[in-house]
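Per-entry structural report
Each chain is listed here by its residues.
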Amino acid sequence: MIIVSGPASQKLGRRIAELLKQKFVPIEFKRFPDGESYIRFSGEVENEDVVIVQTTSPPQNENLVQLLLMADTAKELKAKTITAVVPYFAYARQDQRFRPGEAFSVKTIATLLQTCGVSKIFTVNSHNPAILKTLQVPIEDLSAIPLLAEHFRNQGFEGAFSLALGKKGLATAVEADKVLEGGYGYISTKRDRITGKVTIEEKPLPVKGKAAIVFDDIISSGGTMVKAVAWTRKQGARTVHVACVHPLLIGDAENRIIQSGADSIVGTDSVPSHISVVSVAPLIAEALGKRGAKR
Ligand code: R5P
């Protein structure tokens, strides 16, 4: 197996290669003045099981094109197999045709990857893992929630109350609670199908006097988390911390969340940022190791 890091996940790819003690092949990359991407493998890939690590956080279209260029090039260079590790899987939130005529974007992206020779995809806390299972290319979604919860446990937050966003997210709070063991629940949410705007349903939360941690997969504009933190505070939580897998942190999202009453925000290196203090490398290395052992 050889590990190739795309421009968007250079450190993560290297960490995975180190953990697996596998060969790391760097990618030579440049951006032309008009914005187009150039990539070149600076090592042999022929007859190898090639693992390409490239997250597709913003600029997602550029990162996706680079991923496609890498996969198709590995195919042309006669790689034995091509696995794509895409911790943040762009377009995963458009996981169906909500309105007639809309693109089923996540399906299109998976089809493109498959066409470029990818036979397996690993994602991390993708928006709707059940939908991913229905697509043609095998996709395995891994969860970084236990790693985030362990981070808080190591910081002395054992016994904190774990909160997820939306009833559908409850499994996330259950996962976190297995580590923190302080009880769990969810903040009820409603999403407008046309505008995508999320509102919080102001239902009581049993957090009075407790340390609460709100877990979510993505912080994008921060709008959802701002409301969640403010409501958790209003319910009497002693402290409110925020944990997210993919810290996209668009604009002043981080600032707004802190302003709404959060004591801290932590994310993973699925999306590199200054709050990405938890690494998903061990999670991905373990999954790749299992896959290697099965071959
Ligand atoms: C929604 O389904 C996700 O779990 C996140 O809550 C959402 O994508 C966050 O977006 P924003 O930060 O823009 O509110």
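Residues numbered from 1 in each chain as written. Predicted model: local features only at pLDDT ≥ 70, side-chain atom pairs only at ≥ 80, totals over all residues. Heavy atoms only, no water.

1. Considering the overall build of the protein chain
This is how the line gets drawn: Labels follow the DSSP assignment, with helices taken as runs of H or I lasting at least four residues and strands as runs of E lasting at least two, numbered in each case from the N terminus. As a reference, a globule follows 2.2 Å times the number of residues to the power 0.38, and the radius of gyration itself is taken over C-alpha atoms. For every residue, the accessible area (1.4 Å probe, protein chains only) is compared with the maximum for its type, and the residue is labelled buried under 20%, exposed over 50%, or partly exposed between those bounds. Contact between two residues is taken to exist if any of their heavy atoms lie within 4.5 Å; hydrogens are not considered. All accessible-area figures derive from a Shrake-Rupley calculation using a 1.4 Å probe, and residue coverage is judged against the displayed protein chains alone. In this tally Asp and Glu are treated as negative and Lys and Arg as positive; neither His nor the chain ends contributes. Every charge is mapped onto a representative atom, which is NZ of Lys, CZ of Arg, CG of Asp or CD of Glu.
Across its full length, the protein chain holds nine helices and 16 strands. Against the 2.2 N^0.38 benchmark of 19 Å for 295 residues, the protein chain shows a C-alpha radius of gyration of 20 Å, consistent with a compact globule. Expressed as a percentage of its 295 residues, the buried residues of the protein chain come to 52%. Within the protein chain, counting contacts between residues at least 6 apart in sequence, those at least 24 apart form 63% of the total. Accessible area of the protein chain: about 14,000 Å², with a carbon and sulfur share of 50%. Charged side chains of the protein chain number 37 positive and 30 negative; the gap between the two group centres comes to 4 Å.

2. Describing the sheet that holds strand S15 (residues 264-268)
Heads up, the rule is: Should DSSP find at least two bridges between two strands, the strands are taken to pair. What counts as an axis is a line fitted to C-alpha atoms, over the stretch in contact for a helix, and the angles between N-to-C directions run from 0 to 180 degrees.
In space, the six strands of this open sheet follow the order S10-S9-S13-S14-S15-S16, with parallel pairing throughout. The open sheet terminates on both sides in strands that have one partner only, identified here as strand S10 (184-187) and strand S16 (276-278). Taking each pair of neighbouring strands and ignoring which way they run, the sheet shows an average axis angle of 35 degrees. Taken together, the two bridges between S15 and S16 define a ladder with parallel strand orientation. Bridging across to S16, Gly267 finds its partner in Ser276. Relative to strand S9 (residues 161-165), helix H6 (residues 170-180) is tilted by about 160 degrees, and along the sheet it contacts S9, S10 and strand S13 (211-219).

3. Some details on the pairing of S15
Among the five residues that make up S15, four are buried, leaving the element largely enclosed by the rest of the structure. As paired elements, strand S14 (residues 239-247) and S15 share three bridges and run parallel to each other. Bridged to Ala243 within S15 is Val266.

4. Structural notes on the side chain of Ser276
Rules: The term polar contact refers here to a pair of N or O atoms within 3.5 Å; inside protein, the definition further demands a hydrogen-donor-capable atom paired with an acceptor-capable atom, and it admits residues adjacent in sequence only when both atoms are side-chain atoms.
Within the element layout of this structure, Ser276 appears in strand S16. Its relative accessible area of 17% is what places Ser276 among the buried residues. Separated by 2.7 Å, the side chain of Ser276 and the backbone oxygen of Val271 make a polar contact. Engagement of the side chain of Ser276 in a polar contact is seen with the side chain of Ser273, the distance being 2.9 Å. Among residues more than four places away in sequence, those in contact with Ser276 are Pro247, Gly267, Thr268, Asp269 and Val271.

5. Observations regarding the domain arrangement of the protein chain
Quick reminder of the rule: Each domain's extent was defined by an automatic or database domain assignment. The term buried area means the drop in 1.4 Å probe accessible area that two parts suffer when joined, counted for both and summed. Here, a salt bridge means any side-chain nitrogen of Lys or Arg that lies within 4 Å of a carboxyl oxygen of Asp or Glu.
Segmentation of the protein chain into domains returns domain 1 (2-143 + 280-294) and domain 2 (145-278). Distance between the C-alpha centres of domain 1 and domain 2: 27 Å. Across the boundary between the two partners, domain 1 contributes 18 residues, which contact 19 residues of domain 2. When the two sides are added together, the surface that domain 1 and domain 2 hide from each other amounts to roughly 1,500 Å², 58% of it contributed by carbon and sulfur. Put simply, domain 1 and domain 2 have one salt bridge between them.

6. Here we look at the packing of aromatic side chains
Condition: Centre distance within 6.5 Å is the pairing criterion for rings of Phe, Tyr and Trp, where only the six-membered ring of Trp is used; planes under 30 degrees apart are then read as stacked, over 60 as edge-to-face, and the remainder as tilted. Here, a charge over a ring is recorded when the distance from Lys NZ or Arg CZ to the ring centre is within 6 Å and its angle to the ring normal is within 35 degrees.
Scanning all chains against the criterion turns up two aromatic pairs. Between Phe32 and Tyr38 the ring centres are 6.2 Å apart and the planes differ by 90 degrees, which places this aromatic pair in the edge-to-face class. Of the residues examined, Phe32 reaches a relative accessible area of 35% and is grouped as partly exposed. Note on Phe152 and Phe157: the rings are 5.7 Å apart at their centroids and 75 degrees apart in plane angle, and the pair reads as edge-to-face. The ring of Tyr38 is capped by Lys30, whose NZ or CZ atom sits 4.6 Å from the centre of that ring. Here the guanidinium or amino end of Lys120 rests over the ring plane of Phe122, the centre of that ring lying 5.1 Å away.

7. So, the pairing of S9
Basically, it comes down to this: If the strands point away from the viewer and the path from the first strand over the helix to the second runs clockwise, then the crossover is right-handed.
The buried count for S9 comes to five of five residues, which makes it a mostly enclosed element. Neither face of S9 is open: one carries Phe161, Leu163 and Leu165, the other Ser162 and Ala164, and all of them are buried. Here S9 runs beside S13; their pairing, made up of four bridges, is parallel. Residue pairing across strands places Ala164 opposite Phe215, the latter belonging to S13. Here S9 pairs with S10 via four bridges, running parallel. Paired with Ser162 across the strands is Tyr184, a residue of S10. Traced from S9 through H6 to S10, the parallel crossover comes out right-handed.

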